[in-house]
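Architecture and fold: a report
Each chain, letter by letter, is given below.
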Amino acid sequence: MTLLQIVSLLLFGGLLTAVARQIDWHQFRVNKHTQHLVFGASASVFFLWLFRAGIYQGLDVHFLWLTALTLMLGFRMAVVSASLALLGITLVGKESLTMLGVNGLLGVLTPIGLSYLIYILSFHKLPRHFFVYIFVCAFFTGALMIALKMALLGSFYFLDGAHSWTVVQDNYLVLIPLMLFPEAMLNGMTMTLLVIYKPSWVYTFYDKHYLEKK
């Protein structure tokens, strides 16, 4: 493992521990509904992340779906769910074990944390409207997160010396524009369907704020 990978693993482990300490695990154990949502979402993310494409080691492209996961489960449970999916992907060999910390920081905590931050800012600063929730919190944020994750991961491989900047730019970063709309649609459509048919599954959506008197 390189120095950056070791530092990333320590940071990811520390932040994951801090998040886990904020969860009421007793309530989680007795709440079957939450269990089903967390583990079901984790399995969905795991299978989604299995499908990827890439030429160079580590520079794989796949959908994230973490913005929808964050809106659905909230920050803490989304971190737990996505971390379980990342662990599963790593154990089956789709990701390198030495990259667990880097993938955790750049591919899990950063997208989830920023997605939740944008949701909070939107809730307090923008009109509380159904379309604001879908397009700002899900659609546009989903596109932003896939771009940010790919930019950060590509930069890491360059700084760590795994690939030259030319390789990163020509075989990874150049694909960012192609991923924006599909990722945005995936998150936007997911949240649209959930708030219409299964609003009880969505932690961040409240009828009294987004639908009543609109």
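Residues numbered from 1 in each chain as written. Predicted model: local features only at pLDDT ≥ 70, side-chain atom pairs only at ≥ 80, totals over all residues. Heavy atoms only, no water.

Next up on the list: the pattern of salt bridges. A complete count under the given rule lists 2 salt bridges for this structure. One salt bridge connects Arg52 with Asp60, and the closest N-O pair in it is separated by 3.9 Å. Of the two residues, Arg52 and Asp60, neither departs from the other in class, the shared state being buried. Salt-bridge contacts for Glu95 lead to Arg52; the nearest nitrogen and oxygen are separated by 2.7 Å. (Salt bridge = Lys/Arg side-chain N within 4 Å of Asp/Glu carboxyl O. Buried < 20%, exposed > 50% of the residue type's maximum accessible area, 1.4 Å probe, protein only.)

This part covers the environment of Phe47. You can see Phe47 is positioned in helix H3 (residues 32–50). When its relative accessible area of 49% is taken as the criterion, Phe47 is described as partly exposed. On a C-alpha basis, the gap between Phe47 and Lys94 in space is 11 Å, while along the polypeptide they are 47 residues apart. (Helix = DSSP H or I, 4+ residues; strand = E, 2+ residues; numbered from the N terminus.)

This paragraph deals with the packing of aromatic side chains. Summed over all chains, the structure comprises 16 aromatic pairs. Seen in terms of ring centroids, Phe46 and Phe47 are 5.3 Å apart; in terms of plane orientation they differ by 75 degrees. Their pairing is edge-to-face. Ring pairing ties together the aromatic residues Phe75, Tyr116, Tyr119, Phe123, Phe130, Phe131, Tyr133, Phe135, Phe139, Phe140, Phe181 and Phe205, which thus form one cluster. Cation over ring: Arg128 sits above Phe123, and NZ or CZ is 3.9 Å from the ring centre. (Phe/Tyr/Trp six-rings, centres within 6.5 Å; stacked < 30°, edge-to-face > 60°. Lys NZ or Arg CZ within 6 Å of the ring centre and 35° of its normal.)

The next subject is the packing of helix H5 (residues 75–91) against helix H6 (residues 100–125). Interaxial distance between H5 and H6 falls to 10 Å at its minimum, and their mutual angle equals 155 degrees. Regarding the angle of H5 to H6, the classification is roughly antiparallel. Note that H5 runs across H6; the crossing there is right-handed. In contact with Phe75, Ala78, Val79, Ala82, Ser83, Leu86 and Thr90 of H5, H6 contributes Leu100, Asn103, Gly104, Val108, Leu109, Ile112, Gly113 and Tyr116. (Axes fitted to C-alpha atoms, helices over the stretch in contact; angles between N-to-C directions. Parallel < 35°, antiparallel > 145°, perpendicular 65-115°, else oblique. Left-handed = near helix turned anticlockwise from the far one by under 90°. Contact = heavy atoms within 4.5 Å.)

As a further point, take helix H1 (residues 3–21). In this model H1 runs 27 Å from its N-terminal to its C-terminal C-alpha over 19 residues, within 8% of the 27 Å that 1.5 Å per residue would give. Along H1, the residues classified as buried are Gln5, Ser8, Phe12 and Val19. The buried side chains of H1 occupy one side of the element, clustering within an arc of 60 degrees when seen end-on. Exposed residues pointing more than 90 degrees away from the buried face of H1 are listed as Leu3, Leu10 and Arg21. Of the surrounding secondary structure, the elements contacted by the buried residues of H1 are H5, H6 and helix H7 (130–159). (Expected span 1.5 Å × (residues − 1). Arc of directions from axis to C-beta.)

Packed helices, taken two at a time, are described by the angle their axes make and the gap between the axes. Where H1 contacts H5, the axes come no closer than 10 Å and their chain directions differ by 130 degrees. Comparing their axes, H5 and H1 come out oblique. As H1 runs across H5, the sense of the crossing is left-handed. Between H1, through Phe12, Leu16 and Val19, and H5, the contact on the second element is made entirely by Phe75, Arg76, Val79 and Ser83. Classifying every residue of the contact of H1 with H5 gives 5 nonpolar, 1 polar and 1 charged. (Nonpolar A, V, L, I, M, F, W, Y, C, P; charged D, E, K, R; others polar.)

This brings us to unusual backbone geometry. Only a minority of non-glycine residues have a phi that is not negative, and only a minority of peptide bonds are not trans. In this model, Trp65 sits at a positive phi of 65 degrees, which is unusual for a non-glycine residue. Within the secondary structure, Trp65 sits in the loop between H3 and helix H4 (66–73).

Right, let's talk about the environment of Thr166 for a bit. Within the element layout of this structure, Thr166 appears in helix H8 (residues 165–171). It is 25 Å that separates the C-alpha atoms of Thr166 and Leu97, two residues lying 69 residues apart in sequence.

What follows covers the confidence of the model for the chain. In this model, the chain carries a mean pLDDT of 94, and residues with pLDDT of at least 70 account for 99%. Averaged over each element, pLDDT in the chain is lowest for helix H10 (residues 207–210) (74) and highest for H4 (98). (pLDDT = per-residue confidence, 0-100.)

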